[in-house]
Amino acid sequence: MAAQARQADVHDSVRDREISVEQEHLDRVYRRLEEKIHEAEFLLQDAVRRGQVGTPGALAERDAQVFRAGLHLSRLNNEFEDFLFGRIDLLRGKDGKKGPDGAYTAVEPAEGAVREDGTADIAETLHIGRIGVLDENYAPLVIDWRAPAAAPFYRATPVAPGRVVRRRVIRSKGRRVLGVEDDLMRPEIKAYLDGRELAVIGDGALMAALGRARTHTMRDIVASIQAEQDRVIRAPAASVTYVEGGPGTGKTAVALHRAAYLLYQDRRRYAGGILIVSPTPLLVSYTEGVLPSLGEEGQVAIRALGSLAHETVGVEATLYDSPSTARVKGSLRMLKVLRKAARGALELNDSPTRLRVVAFGRRLELEAEELERVRHTALGGTAPVNLLRPRARKLLLDALWEKSGAAARHDDPELAAELRSSFDEDVTGEDAFTEFLDAWWPELTPRAVLAAMADEKRLGRWSRRVLTPAEVRRVARSLRREGYSVHDIALLDELQAILGTPARPRRRREIDPLDQLTGLEELMPVREESQRERAERLARERTEYAHVIVDEAQDLTPLQWRMVGRRGRQATWTIVGDPAQSSWSDPDEAAAARDEALGVRHHPVKAGPPGLSPRGRRFRLTVNYRNPAEIADLAAKVLALAMPGTEPPTAVRSTGVTPRFAVAGDSLEHTVRAEAARLLEQVEGTVGVVVAMNRRAEAARWLAGLGDRVVALGSLEAKGLEYDATVVVSPAEIADESPAGLRVLYVALTRATQQLTVVSGERDEPDADGVPDLLRD
Ligand SMILES: Nc1ncnc2c1ncn2[C@@H]1O[C@H](COP(=O)(O)OP(=O)(O)OP(=O)(O)O)[C@@H](O)[C@H]1O
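No experiment lies behind these values; they were computed from the predicted model shown.

Right, let's talk about the overall build of the chain for a bit. Tallying secondary structure elements over the chain gives 29 helices and 25 strands in all. A separation of at least 24 residues holds for 74% of the contacts in the chain among residues at least 6 apart in sequence.

This is the structure we're talking about:
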C-alpha cells in the first residue's frame, strides 16, 4: 500500500515537473509577444514624432500592424484557451537543413541517431501552436500548426514515427499550463533530453477531447487532428478535392481547418477569398467561431446556401419547401421554365400594345402584331433579357423607319444614313417613345419574375411539357407565400444570370470644391476609408472566390450547384460530403450538375499518382469521433436499410450507455418533454430533440421552459450539428416524410456524443422493449 502511494507521489512529481517545464516555455512566448507589441507601438509613435513622414498609406499600414499585434495579444489572453497545445521531441535528422520556420526539415532520422545500445539523444524540440512565434534570434519558440515542420505532430505513429520520439499535447488556459499528455512513438529506445531520460505522462488526449461536454458552438480540433484528417487538411489544392466519410468523421472540422491551412500556406493566392458553403444557418453559427480560433478571419466567408445570393438578389431564405416541391424547384428542368418566365415576364403589367410617335412631322404607329414581331426578333438567342433592351430599341426604330418610307426617297447611301440618324434622334427625343420603351421592355428583377411565376395559369404556360399540372400547382402555391425558401434562392440567382444586369453609369462621388482647390481630393479615399475598412468592404461585396469549400455537399440540388458554381468560376474546390446522409432524392442528376458547375467535365484532372482519380483527388475518412459505439451500432441498422452495402465508420470510443427506447402513450408531448428533461439531468451540455419537419413548431412548444441547453430541430435542420444527448422522435415519421427519409433518419440518429433516446409513436410499431420496427434487427 505504502509502496503504491510512494509510486503515485513520484509520478505526480514527474508530472508537476513536466508541467512547469511547459509553463516556463509558455511564459517565454508571452514575454516575446509583448516585446513585439512594444516594438510596433514604438515604431508608430516614432513615425508620428517625426512629423508624419511617409505617405498616408504607409502610416495606415503601420497603424494596421500595431492594431494586428494588439489584437493578437488580446486574443491570446482572452480567447485562445490553449494557444500553445503541442510539442514534439525529435531525433537528429538526415541532413542538417533548416526550413523557413527555423526547424530542421528532414523527416527521417540520421544514421546513427539511435545508438547501438538503443539509446538516443533528442536533437530538436518543437512547440506547436495556433500561430508561429520566433525569438529575437529568429529561432522558433512556437511553430504554426500549419507549417510543414508541424506535420509530424499530426502524422507520426508508432508504425511510422519518422524522427518523432515523443508527442505531447499541452493543455492550458490563458497563460497557465494545466496538464500534459504524451504518446511515445518509439517505445523501443531510451531517449535523453539534456542528460535526463524523457518522461512520458498519461495518455488519451484525444479521448479527453471527445468526452468533453458540447455547447452550441463547435470547437477546433487543432490539438488532436488525426493522421487521416491531416492528409486532407494539407492536401495541395487540386482542381477538385473530394472528401467523403460517414457521420462524425470530422468532415466539417477538416473543412474548416483546411481553409485556415490553405490561407497560411499561400496567402497571396487566396487573397481572392475562401468561401465555405454550409447547408443551414444553424450550421453556420455552429461553426463560425472555429476559424478565428485558428488565427484566421476576414478572408474566409462561411455562408448558408440560403444566404449565398444575398448580394445579387437582396434576400435570404427563411422558409422550407416540402420534399416534393423542393424536388421540382431544385431540378434542372426548371432552367427551361425560368428562361421562358424571364422572357414572358416582359409582357406582364399591361404591356402597351401600340406605339405612336411623330417623326419628320408624320404620325407613325406600330400595332400589336408588329410589336410582337419586334419583340420576338429581339429575344432570339439566349442573351440576358435585360441586356437586350438596346437591341429591342434599335429594332423598334428600324420598324418605324421602314414605316416612314423615308429610306426609299434617297439613293445616295451617305445621305440616307444621315437622314436615318436624324430620324432616330427625332424619335428617341420624344417622351412618348421613352415612356413606351420603359413600359414595353422594363428592366426585370429576379424577384419580380419569380413573383410572376406564383400565378398558376401563367406558370402552366411557361412550363408546358416540362412540369406536370400537379407540379405546377405545387410550385405556384409555394411561391405565393411570404418569404423565400432555400430552393427559391437558387431560382432567383439563376434568374439573375438569365436577366443580366445592365451596366449603369457610375455615380461620381460628390466633390467638395475646397478639396479640389487644395488637391486634397486625391487623398480622399484614404481619408474616407481606412485600408482595413476597405478590405472588409471588398470581402462583403465579393461574389467570386479563389477557393470554395462545400460542406454537406450531398444535399445540393442541381440548381444549387449552379448557384455555388457561379461563385467560383476560377476557383479550386474542396467538396465534403456523405452520400448516405443525402436528403436529395436524385443523386445522379445532382452529381452531373455538380461536375458541370465545377467544370470537371471541361478540365478533367489527368490520372496521376494513387489517390488522384481522373476527376480530382479523393479522400475517405473512416473513424467516427462523435458517436459512442452504442449509438453508432444502432444507426448502422438504418444505414443498412438506407444504403445497403455501405460501410459505416468505426466509432472510436464506447461509453457503456446503450440507447434508451421510450414509447409515447396518449401524449407524445408529455413523453418527449419528460425524456428531454431526463437527459438534461444526465449531461452537462446540450440536448437536441429531432422531430419530423412538420412538427418543428409544436416541438418547440413542448420544450418551453426547459432552458436554453435544449433545442427542438426539424430533421433537415439537424444536419451537421451535434449534442451531448438527443431525443429522436418517431423514426417512422421522419423516414416516411420524403423519398430520402431513411437517410434523413440516419442523420438524426448520429447527432449525439453521449446519449440517445428514441421515442416511438404508434406508427413506429414498437415491440415490448419499446424498440421501433425500423431499428430492430
Ligand atoms: N481529431 C479530432 N480530435 C477531436 N475531436 C474530433 C476530431 N475529429 C473530429 N472530432 C470531433 O468529432 C465531431 C464530429 O466532427 P464533424 O462534425 O466535423 O464530423 P462530420 O464528418 O462533419 O459529421 P456529419 O457528417 O455528421 O456532419 C466534432 O465534435 C469534432 O470536433
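There's plenty left to go through after this.
It is worth spelling out the sheet that holds strand S23 (residues 710–714) at this point. Strand order in the open sheet made by the five strands is S21-S25-S24-S22-S23, with parallel pairing throughout. The strands lining the two open edges of the sheet, one partner per strand, are strand S21 (660–663) and S23. Between one strand and the next, the sheet's axes are offset by a mean angle of 20°, whatever the strand orientation. Bridging between strand S22 (residues 687–691) and strand S24 (residues 723–729) involves four bridges; their strand directions are parallel. Following the sheet pairing, Val689 is matched in S24 by Val727.

Turning next to the site of the ligand. In the vicinity of the ligand lie 24 residues, with Ser224, Pro247, Gly250, Lys251 and Thr252 positioned nearest. Residue assignment for the shell around the ligand shows that the elements contributing at least two residues are helix H4 (205–211) and helix H6 (251–265).

For the rest of this paragraph, the subject is the UniProt feature "binding site: ATP" (unreviewed entry) in the chain. According to UniProt, the "binding site: ATP" (unreviewed entry) feature falls on Gly245, Gly246, Pro247, Gly248, Thr249, Gly250, Lys251 and Thr252. Checked against the element boundaries, Gly248 lands in the loop between strand S10 (240–245) and H6. According to the C-beta neighbour criterion, Gly248 is buried, with 27 such atoms within 10 Å. Excluding residues that lie within four positions of it along the chain, Gly248 makes contacts with Asn624, Tyr625, Arg626, Asn627, Pro649 and Thr750. In this structure Gly250 comes out as buried when scored by C-beta crowding, with 25 C-beta atoms within 10 Å.

Looking now at the packing of helix H13 (residues 389–404) against helix H14 (residues 413–428). The contact between H13 and H14 brings their axes to 11 Å, and the two run at 110°. Overall, the two elements H13 and H14 adopt an arrangement that is roughly perpendicular. Helix-helix and strand crossings are classified by hand; for H13 and H14 the assignment is right-handed. Contacts from Leu397, Leu400, Trp401 and Ser404 in H13 reach Arg420, Phe423, Asp424 and Val427 in H14.

Time to look at the sheet that holds strand S9 (residues 196–197). Read across the open sheet, the three strands follow the order S2-S8-S9; overall the sheet is mixed. Strands with a single pairing partner mark the edges of an open sheet, and in this sheet they are strand S2 (119–121) and S9.

Further remarks concern the pairing of strand S16 (residues 572–577). Here S16 lies mainly inside the structure; six of its six residues are buried. Here S16 shows no split at all, with Thr572, Thr574 and Val576 on one side and Trp573, Ile575 and Gly577 on the other all buried. Two elements, S10 and S16, share five bridges in a ladder whose sense is parallel. Looking across to S16, one finds that Val243 is bridged to Val576.

In this structure, Tyr138 is a non-glycine residue whose phi angle is positive, near 65°. Inspection of the secondary structure assignment puts Tyr138 in the loop between strand S4 (133–134) and strand S5 (140–144). Despite not being glycine, Asp194 shows a phi value in the positive range, around 50°. Along the chain, Asp194 turns up in the loop between strand S8 (190–193) and S9. The class of Asp194 is exposed, set by 7 C-beta atoms lying within 10 Å.

Okay, helix H12 (residues 368–379) next. Taking 1.5 Å as the rise per residue, H12 with 12 residues should run 16 Å; its terminal C-alpha atoms sit 16 Å apart, in good agreement. Just downstream of H12, Gly381 is the residue with a positive phi angle, here 85°.

With that out of the way, let us pick up the confidence of the model for the chain. The predicted model of the chain averages 84 in pLDDT, with 85% of residues at 70 or higher. A low-confidence stretch, residues 601–614 (pLDDT under 50), is modelled with 17 contacts involving residues beyond four sequence positions or located in other chains. Scored as a whole, the predicted complex attains pTM 0.82, and scored at its interfaces, ipTM 0.98.

All right, on to the nonpolar core then. In this structure, Ala259, Ile274, Ala342, Val689 and Tyr746 are the most contacted members of the largest nonpolar core, which totals 190 residues. The element that contributes the greatest number of residues to this core is H6, accounting for nine residues.

So, about the pairing of strand S12 (residues 300–304). Regular strands show a simple pattern: their side chains alternate between the two faces of the sheet. Residues of S12 alternate between two faces, with Val300, Ile302 and Ala304 buried on one and Ala301 and Arg303 left unburied on the opposite face. Of the strand pairs in this sheet, strand S11 (residues 274–278) and S12 are connected by five bridges, and their pairing is parallel. Across the sheet, residue Ile274 finds its bridge partner in S12, namely Val300.

For the pair helix H19 (residues 486–499) and helix H23 (residues 558–565), interaxial distance at closest approach is 9 Å and the crossing angle is 55°. Taken together, the axes of H19 and H23 are oblique relative to one another. Crossing angle aside, the handedness with which H19 passes H23 is left-handed. From H19, Ala490, Leu491, Asp493 and Glu494 reach across to H23, where they touch Leu559, Gln560, Arg562 and Met563. Partitioned by chemical class, the residues of the contact of H19 with H23 number four nonpolar, one polar and three charged.

Take the environment of Val548 next. With respect to the helices and strands, Val548 occurs in strand S15 (residues 547–550). Here Val548 falls in the buried class, since 24 other C-beta atoms lie within 10 Å of it. When the C-alpha positions of Val548 and Arg303 are compared, they lie 11 Å apart, and in sequence the two are 245 residues distant.

Thresholds applied
- Residues numbered from 1 in each chain as written.
- Predicted model: local features only at pLDDT ≥ 70, side-chain atom pairs only at ≥ 80, totals over all residues.
- Helix = DSSP H or I, 4+ residues; strand = E, 2+ residues; numbered from the N terminus.
- Contact = placed C-beta atoms within 7 Å.
- Pairing = 2+ DSSP bridges.
- Axes fitted to C-alpha atoms, helices over the stretch in contact; angles between N-to-C directions.
- Near = placed C-beta within 6 Å.
- UniProt positions renumbered as here; feature names shortened; annotations may be inferred.
- Buried ≥ 20, exposed ≤ 12 C-beta atoms within 10 Å, placed from the backbone.
- Parallel < 35°, antiparallel > 145°, perpendicular 65-115°, else oblique.
- Left-handed = near helix turned anticlockwise from the far one by under 90°.
- Expected span 1.5 Å × (residues − 1).
- pLDDT = per-residue confidence, 0-100.
- Core = buried A, V, L, I, M, F, W, Y, C linked by C-beta atoms within 7 Å.
- Nonpolar A, V, L, I, M, F, W, Y, C, P; charged D, E, K, R; others polar.

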